[in-house]
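Reading the structure
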Amino acid sequence: MVSSGTVTSDLSTFNSNISNYQNSIGDLSSQWKGSSYENLVAKANEFVSEYKAAIDKQMTSFASACSLYAEYVQTKSALASARAAYAQAEAEKDYGSMNQYAALISQYESKLQSLKSQIESALAGASSPSLAASSTTGQSIAASTLSYSVTGVVAEAPRKALEYALSMADDNSHGYSQEARRRWGTPDYDCSSLVITCWENAGVPVREAGAGYTGNMRKAFLSTGLFEWIPGNPSVEDLQPGDVLLNENSHTELYLGDGKMVGARHGDADGVPGDSSGNEISVTDLAREWQGILRYTGGNTTTQV
């Protein structure tokens, strides 16, 4: 991984090269005089000054992102250890320790979310202004610290739901378990408990509305007034990032975009907590037969049933 020290060193080299360039411009004064020369030197110095300031800002932001990411990795490791300790305490029915580790887990999860936001902000500062995307109706994002990224303009709630799903896919301390589904990610999920938790994490109260498994997700999600039901097996062209792919008899996932979906698969690879295979919660190509999709609308549409 690129370190902040490396970036700082590169920035120092860049500044030195710029200084040499400016000196070279100054040396022309002994060979060429007049208004044309003065105008050229002024324009060149103006360009160099603006370019240097932009590069300095971008490289400093990138150095900050590198440092934050190192802290993110350390915190994620600490979170995995806390979850493992919680599982051990639960097996031993040590309720005092369970409470202690549950508090640590909550603390580390909050810190990870904060660090991820800081990293994204730093990376945005390191991006070329000409490449920056903006919208009054959504947010263009790139979850750069994850194995896959959410791209394009996506409304805030679906964006947060997808980012949470990707963070679980990126954290192999979480896996698939039908038996442990009611623990809601401590440490494992099944397909529906993951999707429900993603939306809860995005501030959409679908669990409070009664969502508990694939068979009642459609009713619960629609009861919030924030989703519409679009029946039928969709094609890629029909889908938007954040759409809930649903077969009420068997499975559910979130559509990520670009023909990809993210979710918890049926089947525990090794029968132990976590995801030793890296595939129990993962991103795959769009597949399966779906009965329809639940699309977040924020309450701005008429539900189709």
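Every value quoted in this text rests on a predicted model; they were computed, and no experiment measured them.

Okay, the overall build of the chain next. Counting its secondary structure elements, the chain contains 6 helices and 8 strands. Secondary structure elements in the chain, listed N-terminal to C-terminal, are α-α-α-β-β-α-α-α-β-β-β-β-β-β. Put simply, the chain has 305 residues, and 39% of those count as buried. Considering only contacts in the chain between residues 6 or more positions apart, those separated by 24 or more positions represent 61%. In the structure as shown, the chain presents an accessible area of about 15400 Å², 48% of it carried by carbon and sulfur atoms.

Tallied over the entire structure, the rule returns 5 aromatic pairs. Plain terms: the ring middles of Tyr-69 and Tyr-72 are 5.9 Å apart, the flat faces sit at 15° to each other, and that makes the pair stacked. With Tyr-69 and Tyr-72 both in helix α2 (residues 35-91) and 3 residues apart, this pair spans about one turn of that helix. What makes Tyr-72 buried here is its relative accessible area of 4%. Arranged with centres 5.6 Å apart and planes meeting at 25°, the rings of Trp-199 and Tyr-296 form a pair that is stacked.

Another point: the sheet that holds strand β4 (residues 244-247). With respect to topology, 6 strands assemble into an open sheet ordered β3-β8-β4-β5-β6-β7, the strand pairing being antiparallel. Two strands in the sheet have a free side with no partner beyond their single neighbour: β3 (227-231) and β7 (281-285). Recorded for the sheet is a direction-independent mean angle of 30° between the axes of neighbouring strands. Judged from the 4 bridges that link them, β4 and strand β5 (residues 251-257) form a sheet pairing that is antiparallel. Bridge pairing in β5 links Leu-245 to Glu-253. Across the sheet, helix α5 (residues 191-201) is in contact with β3, β4, β5, β6 (260-264), β7 and β8 (292-296); its angle to β5 comes to roughly 50°.

A few words on the packing of helix α4 (residues 156-170) against α5. Contact pair α4 / α5: the axes reach a minimum separation of 8 Å and the direction vectors enclose 130°. Relative to α5, the element α4 lies oblique. Considering only the axes of α4 and α5, their crossing is right-handed. Of the residues in α5, those in contact with Ala-157, Pro-158, Lys-160, Ala-161, Tyr-164, Ala-165 and Met-168 of α4 are Leu-194, Thr-197, Cys-198, Trp-199 and Asn-201.

On to the environment of Asp-238. If you trace the backbone, Asp-238 turns up in the loop between β3 and β4. For Asp-238, a relative accessible area of 43% translates into the label partly exposed. With 55 residues separating them in the primary sequence, Asp-238 and Ile-293 have C-alpha atoms 9.8 Å apart. Excluding residues that lie within four positions of it along the chain, Asp-238 makes contacts with Asp-243, Ile-293 and Arg-295. A distance of 2.9 Å separates the side chain of Asp-238 from the backbone nitrogen of Ser-235, its partner in a polar contact.

The next point concerns the pairing of β6. The buried fraction of β6 amounts to 4 of the 5 residues, a majority that puts the element mostly inside the structure. Relative to β6, β5 runs antiparallel, the two being bridged by 3 bridges. Counterpart to Gly-257 in the pairing with β6 is Lys-260. Count of turn residues in the β5/β6 antiparallel hairpin: 2 residues, of which Asp-258 carries a positive phi of about 55°.

Burial of β8 is extensive: 4 of the 5 residues sit out of reach of the surface. Relative to β8, β3 runs antiparallel, the two sharing 5 bridges. Its bridge partner lying in β8, Ile-230 is registered against Ile-293. Pairing geometry for β4 and β8, over 3 bridges, is antiparallel. Within β8, the position partnered with Leu-245 by the bridge is Ile-293.

Once that is clear, we can look at the side chain of Thr-75. Assignment of secondary structure puts Thr-75 in helix α2. Within the structure, Thr-75 has its side chain in polar contact with the backbone oxygen of Glu-71 (distance 2.9 Å). In this structure, Thr-75 is in contact with Tyr-108, Lys-111, Leu-112 and Leu-115, ignoring residues within four places of it in sequence.

Conventions used here
- Residues numbered from 1 in each chain as written.
- Predicted model: local features only at pLDDT ≥ 70, side-chain atom pairs only at ≥ 80, totals over all residues.
- Heavy atoms only, no water.
- Helix = DSSP H or I, 4+ residues; strand = E, 2+ residues; numbered from the N terminus.
- Buried < 20%, exposed > 50% of the residue type's maximum accessible area, 1.4 Å probe, protein only.
- Contact = heavy atoms within 4.5 Å.
- Areas by Shrake-Rupley, 256 points an atom, 1.4 Å probe, with all protein chains shown as cover.
- Phe/Tyr/Trp six-rings, centres within 6.5 Å; stacked < 30°, edge-to-face > 60°.
- Pairing = 2+ DSSP bridges.
- Axes fitted to C-alpha atoms, helices over the stretch in contact; angles between N-to-C directions.
- Parallel < 35°, antiparallel > 145°, perpendicular 65-115°, else oblique.
- Left-handed = near helix turned anticlockwise from the far one by under 90°.
- Polar contact = N/O pair within 3.5 Å; in protein donor to acceptor, adjacent residues only side chain to side chain.

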